[in-house]
4 protein chains.
Amino acid sequence: MSGPASVAVVGATGYAGLELARLLLRHPHVQKPTFYLRNGDAGIRCLSELFPQFRGWGEAPCKPLSATAIAESGADVVFLSTPHEASLALVPALFAANPRLRIVDLSAAFRFREPHTFAKWYTEVPTQKPTDCQAVYGLPELYEDSLGKAQLVANPGCYSTSVILGLRPLIQAGWINRARGIVCDCKSGVSGAGKEPKRETHFVEINENARAYGVFSHRHTPEISEHAQLALRDFVFTTHLIPVERGILSTLYVWLDAPRDAHEIEALYRSFYAQRSLMRILPAGSLPELQHVRHTNFCDIGFALDPSGERLVIVSALDNLGKGAAGQAVQNMNVMRGYPQTAGLL
Amino acid sequence: MSGPASVAVVGATGYAGLELARLLLRHPHVQKPTFYLRNGDAGIRCLSELFPQFRGWGEAPCKPLSATAIAESGADVVFLSTPHEASLALVPALFAANPRLRIVDLSAAFRFREPHTFAKWYTEVPTQKPTDCQAVYGLPELYEDSLGKAQLVANPGCYSTSVILGLRPLIQAGWINRARGIVCDCKSGVSGAGKEPKRETHFVEINENARAYGVFSHRHTPEISEHAQLALRDFVFTTHLIPVERGILSTLYVWLDAPRDAHEIEALYRSFYAQRSLMRILPAGSLPELQHVRHTNFCDIGFALDPSGERLVIVSALDNLGKGAAGQAVQNMNVMRGYPQTAGLL
Amino acid sequence: MSGPASVAVVGATGYAGLELARLLLRHPHVQKPTFYLRNGDAGIRCLSELFPQFRGWGEAPCKPLSATAIAESGADVVFLSTPHEASLALVPALFAANPRLRIVDLSAAFRFREPHTFAKWYTEVPTQKPTDCQAVYGLPELYEDSLGKAQLVANPGCYSTSVILGLRPLIQAGWINRARGIVCDCKSGVSGAGKEPKRETHFVEINENARAYGVFSHRHTPEISEHAQLALRDFVFTTHLIPVERGILSTLYVWLDAPRDAHEIEALYRSFYAQRSLMRILPAGSLPELQHVRHTNFCDIGFALDPSGERLVIVSALDNLGKGAAGQAVQNMNVMRGYPQTAGLL
Amino acid sequence: MSGPASVAVVGATGYAGLELARLLLRHPHVQKPTFYLRNGDAGIRCLSELFPQFRGWGEAPCKPLSATAIAESGADVVFLSTPHEASLALVPALFAANPRLRIVDLSAAFRFREPHTFAKWYTEVPTQKPTDCQAVYGLPELYEDSLGKAQLVANPGCYSTSVILGLRPLIQAGWINRARGIVCDCKSGVSGAGKEPKRETHFVEINENARAYGVFSHRHTPEISEHAQLALRDFVFTTHLIPVERGILSTLYVWLDAPRDAHEIEALYRSFYAQRSLMRILPAGSLPELQHVRHTNFCDIGFALDPSGERLVIVSALDNLGKGAAGQAVQNMNVMRGYPQTAGLL
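Small disclaimer: the values here were computed from a predicted structure and weren't measured.

What counts and what doesn't
Residues numbered from 1 in each chain as written. Chains lettered and ligands numbered in written order. Predicted model: local features only at pLDDT ≥ 70, side-chain atom pairs only at ≥ 80, totals over all residues. Helix = DSSP H or I, 4+ residues; strand = E, 2+ residues; numbered from the N terminus. Rg over C-alpha atoms; globule rule 2.2 N^0.38 Å. Buried ≥ 20, exposed ≤ 12 C-beta atoms within 10 Å, placed from the backbone. Contact = placed C-beta atoms within 7 Å. Domains from an automatic or database assignment. Nonpolar A, V, L, I, M, F, W, Y, C, P; charged D, E, K, R; others polar. Pairing = 2+ DSSP bridges. Right-handed = clockwise from strand over helix to strand, strands pointing away. Least-squares fit on C-alpha atoms with pLDDT ≥ 70 in both. pLDDT = per-residue confidence, 0-100.

Our focus in this paragraph is the overall build of chain A. Along the backbone of chain A there are 12 helices and 14 strands. Scaling as 2.2 N^0.38, a compact globule of 346 residues should have a C-alpha radius of gyration of about 20 Å, and chain A matches this with 20 Å. For chain A, the spread of C-alpha atoms along the three principal axes comes to 60 × 45 × 45 Å. For chain A, the residues scored as buried account for 56% of the 346 residues in total. In chain A, 72% of the contacts between residues at least 6 apart in sequence involve partners at least 24 apart.

Bringing the interface of chain B and chain D into the picture now. Between chain B and chain D, the contact holds 15 residues from the first and 15 residues from the second. When residues in the side of chain B that touches chain D are grouped by element, the largest group, three residues, is from helix H8 (residues 203-206) of chain B.

Attention shifts here to unusual backbone geometry. The backbone of Glu208 of chain B sits at a positive phi, close to 55°, despite the residue not being glycine. Relative to the elements of secondary structure, Glu208 of chain B occurs in the loop between H8 and strand E9 (211-213). Exposure remark for Glu208 of chain B: the 21 C-beta atoms within 10 Å place this residue in the buried category. Within the chain, Gln229 of chain C stands out as a residue other than glycine whose phi angle is a positive 60°. Tracing the backbone shows Gln229 of chain C in the loop between helix H9 (221-227) and strand E10 (235-241). Residue classification places Gln229 of chain C among the partly exposed residues on the basis of 13 C-beta atoms within 10 Å.

Quick look at the domain arrangement of chain A now. Residue and element names in this part refer to chain A. Examined at the domain level, chain A breaks down into domain 1 (7-156 + 324-337) and domain 2 (159-320). The C-alpha centroid of domain 2 is placed 25 Å from the C-alpha centroid of domain 1. Listed by partner, the interface residues are 19 residues for domain 1 and 23 residues for domain 2. Residue assignment for the side of domain 1 that touches domain 2 shows that the elements contributing at least two residues are helix H5 (115-122), helix H6 (140-149) and helix H12 (322-337). Top element by residues in the side of domain 1 that touches domain 2 is H12. It accounts for five residues. Residues that form the side of domain 1 that touches domain 2 fall into these classes: 10 nonpolar, six polar and three charged.

Quick look at the pairing of strand E5 (residues 102-105) of chain C now. Residues and elements named next belong to chain C. A two-sided burial pattern is seen for E5, the buried positions comprising Arg102 and Val104 on one face and Ile103 and Asp105 on the other. Alignment of strand E4 (residues 77-80) against E5, held across four bridges, turns out to be parallel. Paired with Leu80 across the strands is Asp105, a residue of E5. In this fold, E4 hands off to helix H4 (residues 84-97), which returns the chain to E5; that crossover is right-handed. Examined bridge by bridge, E5 and strand E7 (residues 152-154) share three bridges and lie parallel to one another. Note on E7: the bridge partner recorded for Val104 is Val153.

Superposition record for chain B on chain D: RMSD 0.0 Å, screw rotation 180°, translation along axis 0.0 Å. The transformation relating the two chain copies, once decomposed into turn and shift, fits a two-fold axis. In terms of proximity to the rotation axis, the leading residue of chain B is Phe203 of chain B, whose C-alpha is 2.0 Å off the axis. Interface overlap between copies: 100% of the residues of chain B at the interface are likewise at the interface in chain D, consistent with a symmetric, same-surface contact.

Mapping chain B onto chain A leaves a residual RMSD of 0.0 Å; the transformation is a rotation of 180° accompanied by 0.0 Å of translation along its axis. Both copies present the same face, since 100% of the interface residues in chain B are matched by interface residues at the equivalent positions in chain A.

Looking now at the environment of Pro61 of chain A. Residues and elements named next belong to chain A. Mapped onto the elements of the fold, Pro61 is located in the loop between helix H2 (47-50) and strand E3 (62-64). As a C-alpha pair, Pro61 and Ile44 span 17 residues in sequence and 8.9 Å in three-dimensional space. If near-sequence neighbours (up to four positions away) are discounted, Pro61 is found in contact with Thr34, Phe35, Arg45 and Cys46.

Turning our eyes to something else, we now look at the sheet that holds strand E1 (residues 7-10) of chain D. Residue and element names in this part refer to chain D. The strand order across the open sheet formed by seven strands is E3-E2-E1-E4-E5-E7-E6, and the pairing between neighbours is parallel. Edge strands, defined here as strands with exactly one partner in the open sheet, are strand E3 (62-64) and strand E6 (136-137). Across two bridges, E6 lies against strand E7 (residues 152-154) in parallel orientation. By the bridge assignment, Val136 is partnered in E7 with Val153.

Our focus in this paragraph is the environment of Gly192 of chain A. Relative to the elements of secondary structure, Gly192 of chain A occurs in the loop between strand E8 (182-188) and helix H8 (203-206). Sequence spacing of Gly192 of chain A and Gly157 of chain A is 35 residues, and the spatial spacing of their C-alpha atoms is 9.9 Å.

This part is about the confidence of the model for chain A. Mean pLDDT over chain A stands at 94; residues scoring 70 or higher make up 97%. Scored as a complex, the prediction yields pTM 0.97 and ipTM 0.96.

Pasting the structure below:
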């Protein structure tokens, strides 16, 4: 286990940034973090000017963004809570300024093995990802060993985390009848849509409403495909906005290759996630609820099996700002630095 | 078209009853309705004592429940907004008192062709449904002709209406690849869970929460099977509570038998529901939202087709108290009495 | 009573406009209304393109705004659901094009007797209100006679309506001890803040939140002063945003000039609002709730009196889009045209 | 500062109990607490059976309630999260079993100096409070010294805390014109109404609703009178339910004895609450919001002064489960044990 970490955060002005600040300020192994703000927040000198929530206990310093300043600050770990365009530029600049930095990027910029995947789903004009910035996909339940040594970690998407963690044990066990379809029906709170005021996030448009969006085109699709190990044509992934602030509830539908009983299913999940302290497998018959995971960094997984033992519904729940974003970023830092995975997260 | 209807309502003390009262009080062909209350609401003499909303405009009379009184009141149509046990007893009693009555029952008591289906899903001890009370399933978009002559109408469940209307055109066209699964993922507002205070409907348990319930055991399953013409093992139907008051959003997943394009799909639905004024088929690329159907009696249907043309997501939205309960009950009365189907419903 | 009204609506793109459209489309004495849109909505030809809610039943025509076109269309009544700057320009233009038009303006442009009041509260640079556009303040419960003959009606603010209707009977009776303070604490839903996306109306900023705003500076203050007949220094008026879509609940605190009993208070209100069909005075001991007035055009008033008979709390509730805006605008049209005041509003 | 505390909690099955458990489990000076449950929860052996939120990190033991067992357990501090009737019986029983115990009672049982005050507001039949159980009122910002030595602490009501902390500086300074009225208009989230399912806390009755309740009869009135040092006839205190889960926003209206400027007001509050780490005085011109205090133990206070300097509106915000209940209980323990007041609360 390394000593205390000196930490820099870039761009903590959105909802994930707010949550990240909250977690880092309370983290037992993090020295008082410094926040670097991009243009437009130039005059701000401390966190509570951005977020009155921090008044009286979280008065961390805010500075203008500068790769050089970060490199020279002695930071061990840098979190990028920035749009993917900004991350694409910042990562090489930070490594150029200090090749020993370790970076956790919350954007999608470095999530894909193949540059063309990013280009296809995220950009109008295909761009070349810098080839010397190979990232590890930041899902510690799957990739702990690589993360321990990673210099650049691509923090997963919130939906992706929920779906991949829900499906991976079954897929790896080969228990799914792939000739039938896999359906991933996800419901999300509104903080995932970002802080920028838009018509779609106006209170009156969300309240007493629910709707599907991004069907067959959601950008988290290729992450799921890659890390749940599913061909794009083998699953359907839909996302819905519901009137809650935070949380993702994913209902995952699979047909099994052969009849199984509930104990087998539960045992598979318990064994797959043994020692994974932020995964909670519910006993057969219980299903997760958003209220049990919001404001936490847990991913709860439960399931229902039909009497014939062939149709299986898995429900996966997490807080999109916790295990779905900032909490997972901190968990990744914990792995990178050799702290206990749950440090600062319970 | 018949003349104005004299109407009696039994048991209008829940949320569906409130909505039914509202619709009937404004209906152009309904004479001032009379409300018959069961035990426990004995002292109540007018609607606004039950629901202050009706003060000043909806002061309809309330009387103690009596099959004889209803029969002698000259009522043409009786609505039963009662639990299924009560409806099971009331229907034969009402027909005994006046064989020419026409009844719309909002409960599940008479929804099934086979008595054992009701017994299996709704009762602990199998009961015999009275054999002389054959009901027509009250989905006017499918069964208009039979409903026109029906004496007893079994008003469908809210989820069932949403799912059946969403799937039936595809199924009837034979376009679904049944070797793969059909998934029906439904999200519902809380008024569908009834007015009785329960731990699960406490504000604090619903707010900022979402959860699945009744997976593989929801009582609306056999209705869907029967009227969407699907074997129980061919589909999965799950229901979720989300923090809205009213509305059901059903996301329906099918694999098509062959690649099709969006125009074909849209044309199929438009043709199937031609002249069905309470069905709104959205143009390809638009998806329904709860906010466009709440406080209405419409069922909105839209869809998204994946580029390969084989995976299809249909979204069906309605107000669980409108087209999912009271609105549909009024629509059934309109059909039974020969009024325009939308009378009192726009 | 006049014959059916030909109606034009200008600028129905906000939440009050949506409600106004809904009411006019169902109004028994209104011929199919025409909607005139301002720049930016140029291509829109029918209402459902603006508001999918209207699909299938409210396909009213939309046209580009033109005072001449409105004048030549034969419209009897024009509703302006426009910002005050736009109304200031439109009213003289419309009267110039057709001096016999009758106009209901939902903005604040013509609400004040003295031009400098408007200038002081609404403009940076004091402007001169056109002197030939004297409006009647559109509160039919107080000014019915003048409204019957008015050519230009200034529809009141939502908070103002709620507070004035709650206080006026007591003030007119002279029962208030003015040496002590009058406090008006108002809670409002978010639709009153307009449809334009802003940081303050983002779902995440409203949900699970409540806050006061505009204390000592809210623009509805001078309306209340003028029509509740209170000097500005005699009352405090505060407004709060709470996480509901629609509704205003005003809690009004007065000290009485002498001890009174609850029957006197109730009798005063009942007598003051006798024959006022959209005012509902609750029996002593009952207090209004938003849920009983939302989606209605009622203003409900109830009160609690302390045992000593000197401290009185009046609660006034209405729907800010109903009696607080669009409903009241329609009520004003009803008065102007000699229709029953409740026509289209129950 | 004492060493680590051994802690027992009685009756942690409601929302305040849940919050108390959460705080104690994370408290740096509390050894793993034990929870004693009353009848009806007999079979429960650990917290997560009561609250699935605690799965995986908060598996504290639950035992059947027994005063003897608590006394013999070596507990230093006992929290009573029980109804007042239960607390009335438990406190003497606990002291009888172990006279050195220190107790924080979250109920109202011991909040009043005079037994008849409790009897008048809380009981039908006046009861005698045990005379040997004198409690200190648990508002550390006012009574820190007495609390340091107290054996029995009566934790204040949530509304009372909010109002007393908001008014006390002004009252103690003598700046209020008492000849005019003081108005306390409080808005509360629903968790304050308890976890027991009731018609009034059904989601559908709260959502999109707001209402006043308990006007002139709310049980927190005498606490406010006693500790804000106001005669009952000098203020009006009303409470409102709004559709949020947690939080109290109190808008307090006073007329000053003489014109003052904003700096004086701000300085008064800052000076009164100097060194009080859980009080946050906002700069003049800023007003508190629920979202900045929910899930915290802060009480935020801000104000607006009218230009004449005589009418003052103070806004006080806190989390009814935090500073309004469980957080304050923990703060009281901190004072009693000599820990930093904010220990476990930031």
